[in-house]
Amino acid sequence: MENNKIGLRKLQIDDASQLATLANNKKVWDNVRDYFPYPYTKEDALFFINLTHKQTPLQSFGITFNDTLCGVISLIIQKDVYKKSAEVGYWIGQPFWGKGIMTQALALITHYGFDELHLIRIYTGVFEYNTASMKVLEKNGFLKEGVFKKAIYKNDQIWDEHRYYLLSRA
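Owing to the predicted nature of the structure, the values given are computational and were not obtained by experimental measurement. (Residues numbered from 1 in each chain as written. Predicted model: local features only at pLDDT ≥ 70, side-chain atom pairs only at ≥ 80, totals over all residues. Heavy atoms only, no water.)

Here we take up the pattern of salt bridges. In the structure shown here, the tally under the stated rule is 7 salt bridges. Ionic pairing is found between arginine 33 and glutamate 87, a salt bridge with its closest N-O pair at 2.5 Å. A residue pair is termed long-range when its members are at least 10 positions apart, and arginine 33 in the loop between helix H2 (26-29) and helix H3 (42-52) and glutamate 87 in strand E5 (residues 85-92) qualify at 54 residues. Arginine 163 is paired through a salt bridge with glutamate 161; the nearest N and O atoms lie 3.2 Å apart. Residue arginine 163 is classed as partly exposed on the basis of its relative accessible area, which comes to 23%. (Salt bridge = Lys/Arg side-chain N within 4 Å of Asp/Glu carboxyl O. Helix = DSSP H or I, 4+ residues; strand = E, 2+ residues; numbered from the N terminus. Buried < 20%, exposed > 50% of the residue type's maximum accessible area, 1.4 Å probe, protein only.)

Next comes the structure, spelled out in structure tokens:
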């Protein structure tokens, strides 16, 4: 999947060094869930890449900018009565912030989710201080569903979580 200079592709084993370099950043970790390791090592990257190779259908992609890996975006397909919904999660390395990359990457994975995976709903939660992520979602038509008050414990502090969703146009 590609849009101008921005694309999504399957992660490869030789992405491990770049993935570890970008992910091993406290500013990145501050905006993701705690199961995302920090510090982030090459072994962590290899473990994650190998997990993505077992996905059927593929749900996690490397984000590229000018053919350079710059982040990761995933759809986490839900189970049982929620099987037509997926949670989207993403991060991008700090050197690539502020270039509009994530806005386009989110558009690409949203189309993939609705058109290829036949999802009806894509949603996500954003920590209250991550206004850049909220803007990315809003630029892609995601609507704020609500605010879960004091729902996040991150960096020894309690935060609100802003929930966003988008429904299939089909």
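Alright, that's what it looks like, and here's the rest.
Our next topic: the side chain of asparagine 140. Structurally, the position occupied by asparagine 140 is in the loop between helix H5 (131-139) and strand E7 (143-154). On the basis of relative accessible area, asparagine 140 is assigned to the buried category, the value being 14%. One polar contact links the side chain of asparagine 140 to the main-chain carbonyl oxygen of threonine 103, over a distance of 3.0 Å. Not counting residues up to four positions away in its chain, the partners in contact with asparagine 140 are Thr103, Leu106, Ala107 and Leu166. (Polar contact = N/O pair within 3.5 Å; in protein donor to acceptor, adjacent residues only side chain to side chain. Contact = heavy atoms within 4.5 Å.)

Turning to the environment of leucine 117, a few remarks are in order. Mapping leucine 117 onto the fold places it in the loop between helix H4 (101-116) and strand E6 (121-127). Look at leucine 117 and you get buried, because its relative accessible area is 16%. When neighbours within four sequence positions are excluded, leucine 117 is seen to be in contact with Pro57, Leu75, Ile77 and Tyr112.

Another aspect to go through is the environment of threonine 64. Mapped onto the fold, threonine 64 is located in strand E3 (residues 60-65). When the C-alpha positions of threonine 64 and glycine 7 are compared, they lie 5.0 Å apart, and in sequence the two are 57 residues distant. For threonine 64, the contacting residues outside a window of four places in its chain are Lys5, Ile6, Gly7, Leu8, Arg9, Leu69 and Cys70.

Geometrically, the link from tyrosine 38 to proline 39 is a cis peptide bond, its omega value of 0 degrees lying close to zero. Secondary-structure assignment places proline 39 in the loop between H2 and H3. Between threonine 56 and proline 57 the backbone carries a cis peptide bond, its omega angle lying at -5 degrees. Tracing the chain through its elements places proline 57 in the loop between H3 and E3. Positive phi is not limited to glycine here, since asparagine 66 has a value of about 50 degrees. Even without a glycine there, the phi angle at aspartate 80 is positive, about 60 degrees. Note on placement: aspartate 80 falls in the loop between strand E4 (68-77) and E5.

Turning to the pairing of strand E8 (residues 157-167), a few remarks are in order. Direction of pairing for E6 relative to E8: antiparallel, over a ladder of 7 bridges. Across the sheet, the residue bridging to glycine 125 is arginine 163, located in E8. Note that E7 and E8 share 8 bridges and pair antiparallel. Within the sheet, the bridge partner assigned to lysine 144 lies in E8 and is tyrosine 164. (Pairing = 2+ DSSP bridges.)

Residue classification places glutamate 87 among the buried positions, given a relative accessible area of 12%. Of note is the side chain of glutamate 87, whose polar atom sits 2.5 Å from the side chain of arginine 33. When sequence neighbours within four positions are dropped, the list of residues in contact with glutamate 87 reads Arg33, Ser74, Leu75, Ile76, Gln78, Tyr123, Thr124 and Gly125.

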